[in-house]
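Here is how the chains run, residue by residue.
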Amino acid sequence: MTKEDVNGSVVELSGEHCYDSNTFELEPEERETAEAGEACQAVPDPEIEKPGPYAGMPKEVLLLYSGQARYRLPREIIFWLSIVTSLMLTGATVAIIVVSPKCLSWWQSSPLYQLYPRSFQDSDSDGVGDLRGIQTKLSYFEYLNVKSISIGSIYKSSSNDFGYEVEDFREVDEVFGTMEDFENLLTAMHDKGLKLVMDFIPNHTSDKHIWFQMSRNHTGKFTDYYVWRDCHHYNGSTTPPNNWLTVYGDSAWDYDAIRGQCYYHQFGKGQPDLNYHSHHVQKEMIEVLKFWLQKGVDGFRVDAVKFLLEADHFRDEPQVDVIQRPENISSYSELHHDYTTTQLGLHDILRNWRIVLDEYSREPGKYRSMFTDSFDDNEIAKTMLYYGSSGIKEADFPFNFYLTRLENQLYSRNVFELVNLWMANMPQGHWPNWMVGNQNVYRVMSWAGRDYINVINMLLLTLPGTPAPYYGEEIGMDNINLNSGNADDPGKLNVNPEVARSPMQWSSDDNAGFSKSNRTWIPVHSEYQSVNVQMQKNDSGSTLAVFRALTLLREKELPLHRGWMCYVYNDSNVFAYVRELDGFERAYLIILNFGQGTSTDLQSKIPGLPKMMHIRLGTRAENNGQMVKTSAIDTARGEGLVLEYHPEWLFHRLNRYEKQCFISDRACYLSMFDILYKTC
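Quick look at the structure, then. Since this is a predicted model, take the numbers as computed values, not measurements.

Further remarks concern the overall build of the protein chain. The helix and strand tally for the protein chain stands at 17 helices and 34 strands. In the protein chain, which comprises 680 residues, the proportion classed as buried is 51%. Restricting to contacts in the protein chain with at least 6 residues of sequence separation, those with at least 24 account for 67%.

In structure tokens, the structure reads:
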């Protein structure tokens with residue numbers, strides 16, 4: 001095939017390349033050859049070059065290269081590496097979950113601050129603390145580094161027992177505000193990450209409660225809501241069905257003219273006991289729990305729990321002194337309360353309540369707690385039953401009242417014995433708690449004095465478990481002398497003549513900043529101008545400063561809030577114990593002086609103990625940061641020290657201390673990854 005170009009020259013287009021005479025300069029001989037028709041020779045077509053891979057290439061180009069080994073092999077390697085890495089990460093995650101100890105719940109990680117609502121803060125100038133007042137002080141809990149608050153009874157009730165004669169379990173008493181005020185308080189607390197624990201008072205109601213009114217009239221299911229028995233009543237005198245007594249020492253039976261029978265009350269006459277042998281009562285109280293759980297309450301302190309059931313045979317309780325004339329018995333302690341406390345079936349009721357709380361705990365971060373209030377005195381084994389049994393949980397912990405015995409015997413060996421009493425009897429794997437005060441016992445300051453208030457706070461905040469300080473202990477508030485006419489109704493207070501319910505001392509302003517009223521429901525302590533929150537915030541050596549430093553240290557240092565506790569020494573002046581954790585680089589030796597000033601040589605008593613230790617925190621701020629010799633640890637009367645050191649060995653690993661060391665949930669620390677694990 002030929003074609004003429006624009007100059008008229010003939011060019012071969014057939015795949016043979018021709019020499020154009022107009023294009024090439026030929027030698028004469030070559031020109032002759034060309035003219036002879038040999039100018040064209042066959043030349044192969046050149047190959048078309050494939051484009052190389054480039055960004056944004058179309059699929060067609062991509063497919064030209066994807067199958068080549070140099071591209072396919074890296075791709076497959078990356079794919080399988082991704083699979084293996086994903087499997088390893090999944091396996092590592094599962095392994096970490098399996099070996100990690102359970103995270104501490106909110107009721108374990110923070111002190112549980114006990115608050116008496118009538119005396120915390122008055123918002124409406126009526127002289128009585130209220131819910132809005134508490135809400136105005138939420139920043140104070142943040143300042144203290146306290147995240148759990150237990151609030152005393154706020155139910156609608158008569159004034160005879162200040163909230164513990166409940167007229168309606170589903171209403172807030174107007175003296176504290178409204179249900180809306182409660183809901184606002186709860187919302188504000190949750191917004192700040194705070195938890196609210198309510199008092200639950202299941203043993204009795206007020207005699208003004210609608211249930212009692214219906215029961216005394218034999219109305220339907222309410223007929224058996226209370227404990228009724230036939231009794232002889234003539235001319236205003238009643239012969240009770242048996243010898244059962246109230247906790248105050250008088251007969252536990254009172255005659256009701258409307259029903260024509262006696263009703264049973266283990267507390268005041270106006271507080272008839274509910275009948276928990278009735279399934280209607282059990283169901284009713286479960287509904288009460290659900291009512292408040294649906295509001296968002298985080299937990300309950302179950303009041304007077306050991307009194308819930310009575311023996312249904314109603315026999316006389318045995319006398320302590322068998323030869324004492326029955327008519328002369330006038331004290332609760334003169335009877336063995338075999339038929340009116342801790343009866344068979346009590347723990348079944350508590351387990352049912354636990355089931356209800358667990359149903360409301362299914363949402364992540366919404367665990368609902370239960371604490372029981374039951375002081376069994378010398379029968380501590382009964383108290384420990386409230387923890388539940390293997391596989392059957394009841395209370396998260398029963399309140400530990402044993403340290404309140406220090407009121408009569410504050411010395412080092414007694415402190416050790418009371419701490420050990422709880423730790424040695426507590427079921428393995430459970431969580432302890434510590435308190436020295438509440439609304440029904442004398443304040444620490446009244447029996448310990450200002451010399452010892454800081455060291456007692458250090459004890460509470462460095463022992464394993466949950467400390468439960470009572471409001472005002474963080475500034476060293478004292479009891480008040482309550483004389484007739486000083487309170488709204490002083491004769492009806494259970495603690496006389498000195499009480500631990502006086503208004504919180506916020507400042508040196510009138511009424512200690514508690515209220516703008518001319519008269520508070522109970523007097524403010526006379527020393528409020530020198531003992532108050534405002535003044536102590538500005539004093540680095542104050543009781544408040546020490547308390548706050550202890551809460552911060554407890555939160556920050558793993559050994560203090562979830563490590564081992566080992567007793568290492570005690571004598572007539574000093575009680576010492578160690579807080580340590582496997583794998584953690586620091587340990588703490590706690591030295592508490594409950595006697596007189598002394599120098600303690602632990603170096604000779606504990607071979608291998610470091611010769612020098614660092615004062616991480618002391619009850620005397622001027623000593624913080626100093627080094628001390630363990631051969632001569634000087635402590636003044638009422639002084640406490642948290643000594644930090646780097647352990648070369650751990651006490652709980654030594655056979656010598658095996659029975660002196662305790663831990664609730666064993667854990668070890670892995671510094672490389674900053675995690676805890678339990679397989680150690």
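Packing of helix 14 (residues 453–462) against helix 16 (residues 543–556) leaves a shortest axis separation of 10 Å and a crossing angle of 15°. Regarding the angle of helix 14 to helix 16, the classification is roughly parallel. Crossing hand, helix 14 versus helix 16: right-handed. Where helix 14 abuts helix 16, its residues I453, N454, N457, M458, L461 and T462 lie against T543, V546, F547, L550, T551 and R554.

Our next topic: the state of the cysteines. Scanning all chains against the criterion turns up two disulfides. Disulfide partner of C231: C262, at an S-S distance of 2.0 Å. For the disulfide bridge between C231 and C262, the dihedral angle about the S-S bond is near 90°, and by the sign convention the bridge is right-handed. Of this pair, C231 sits in the loop between strand 10 (228–229) and strand 11 (232–234) while C262 sits in strand 14 (residues 261–264), placing them 31 residues apart in sequence. Grouping residues by exposure puts C231 and C262 together as buried. Disulfide pairing places C566 opposite C661 at an S-S distance of 2.0 Å. Sign of the S-S torsion, about 120° for the bond between C566 and C661, identifies this disulfide as right-handed. Residue C566 is found in strand 24 (residues 564–570), and its partner C661 is found in strand 32 (residues 661–662); the two are separated by 95 residues along the sequence. Its relative accessible area of 0% is what places C566 among the buried residues. You can call C661 buried: its relative accessible area is 9%.

Turning our attention to the pairing of strand 28 (residues 612–618). Here three bridges tie strand 28 to strand 29 (residues 627–629), and the two strands are oriented antiparallel to one another. If you follow H614 over to strand 29, its bridge partner there is M627. For strand 28 and strand 31 (residues 640–645), the ladder comprises four bridges, and the chain directions are antiparallel. Counterpart to G618 in the pairing with strand 31 is L641.

Right, let's get into unusual backbone geometry. Notably, N235 is not glycine yet its phi reads approximately 55°, a positive angle. Its location among the elements puts N235 in the loop between strand 11 and strand 12 (237–239).

A side chain of one charge can pair with a side chain of the opposite charge when the charged atoms of the two come close. This model, assessed by the stated rule, comprises 31 salt bridges. One salt bridge connects K195 with D298, and the closest N-O pair in it is separated by 4.0 Å. With K195 in strand 9 (residues 195–200) and D298 in the loop between helix 9 (279–295) and strand 15 (299–302), this residue pair connects regions lying 103 residues apart in the sequence. Overall, K195 belongs to the buried group, its relative accessible area being 16%. The class for D298 is buried, based on a relative accessible area of 3%. One salt bridge in this structure joins D396 and K393, with 3.0 Å as the shortest N-O distance.

Taken together, F79, W80, I83 and L87 make up a surface patch of nonpolar side chains, about 450 Å² in accessible area. By the secondary structure assignment, F79 is in helix 3 (residues 69–99). By relative accessible area, F79 is classed as partly exposed at 45%.

A few words on the sheet that holds strand 19 (residues 397–398). Strands sit in the order 5-6-9-15-16-19 across an open sheet of six strands; the sheet is parallel. In this open sheet, the two strands that pair with only one neighbour each are strand 5 (112–115) and strand 19. Examined bridge by bridge, strand 16 (residues 369–372) and strand 19 share two bridges and lie parallel to one another. In the sheet register, T372 faces strand 19, and the bridge partner there is P398. Lying over the sheet, helix 10 (residues 346–359) contacts strand 9, strand 15 and strand 16, oriented at roughly 155° with respect to strand 16.

This part covers the environment of E284. Inspection of the secondary structure assignment puts E284 in helix 9. Residues within four places of E284 in sequence aside, it is in contact with R170, W211, K221, F222 and Y225.

Here is what the cut-offs are and how they apply
- Along each chain, residues carry numbers from 1 onward, in the same order as the chain's sequence is written.
- Per-residue local features of the predicted model are confined to residues with pLDDT of at least 70, and side-chain atom pairs are confined, for both listing and counting, to 80 or more; whole-chain, interface and lining totals are unaffected and use all residues.
- Each side-chain value is worked out from all heavy atoms of the structure, with water and hydrogens disregarded.
- Put simply, DSSP marks the helices as runs of H or I at least four residues long and the strands as runs of E at least two long, and each gets a number from the N terminus on.
- When accessible area is computed with a 1.4 Å probe and restricted to protein chains, residues below 20% of their type maximum are described as buried, those above 50% as exposed, and intermediate ones as partly exposed.
- For this analysis, residues touch if any pair of their heavy atoms sits within 4.5 Å.
- Inter-axis angles, ranging from 0 to 180 degrees, are taken between N-to-C directions of lines fitted to C-alpha atoms, where helices are fitted over the stretch in contact.
- Any angle that is under 35 degrees is reported as roughly parallel, and any over 145 degrees as roughly antiparallel; angles of 65 to 115 degrees are reported as roughly perpendicular and all others as oblique.
- Each helix crossing is assigned a hand: it is left-handed if the near helix lies turned anticlockwise from the far helix by less than a right angle, otherwise right-handed if that turn is clockwise.
- Only a pair of cysteine sulfur atoms within 2.5 Å qualifies as a disulfide here.
- Any two strands are treated as partners once DSSP identifies two or more bridges connecting them.
- Definition used for salt bridges: Asp or Glu carboxyl oxygen within 4 Å of a side-chain nitrogen of Lys or Arg.
- A patch is a set of surface residues, each over 30% in relative accessible area and not in a salt bridge, joined within 9 Å for like charges and within 5 Å for the nonpolar side chains Val, Leu, Ile, Met, Phe, Trp and Tyr.
- Every accessible area reported is derived by Shrake-Rupley at a probe size of 1.4 Å, with residue values counting cover from the shown protein chains alone.

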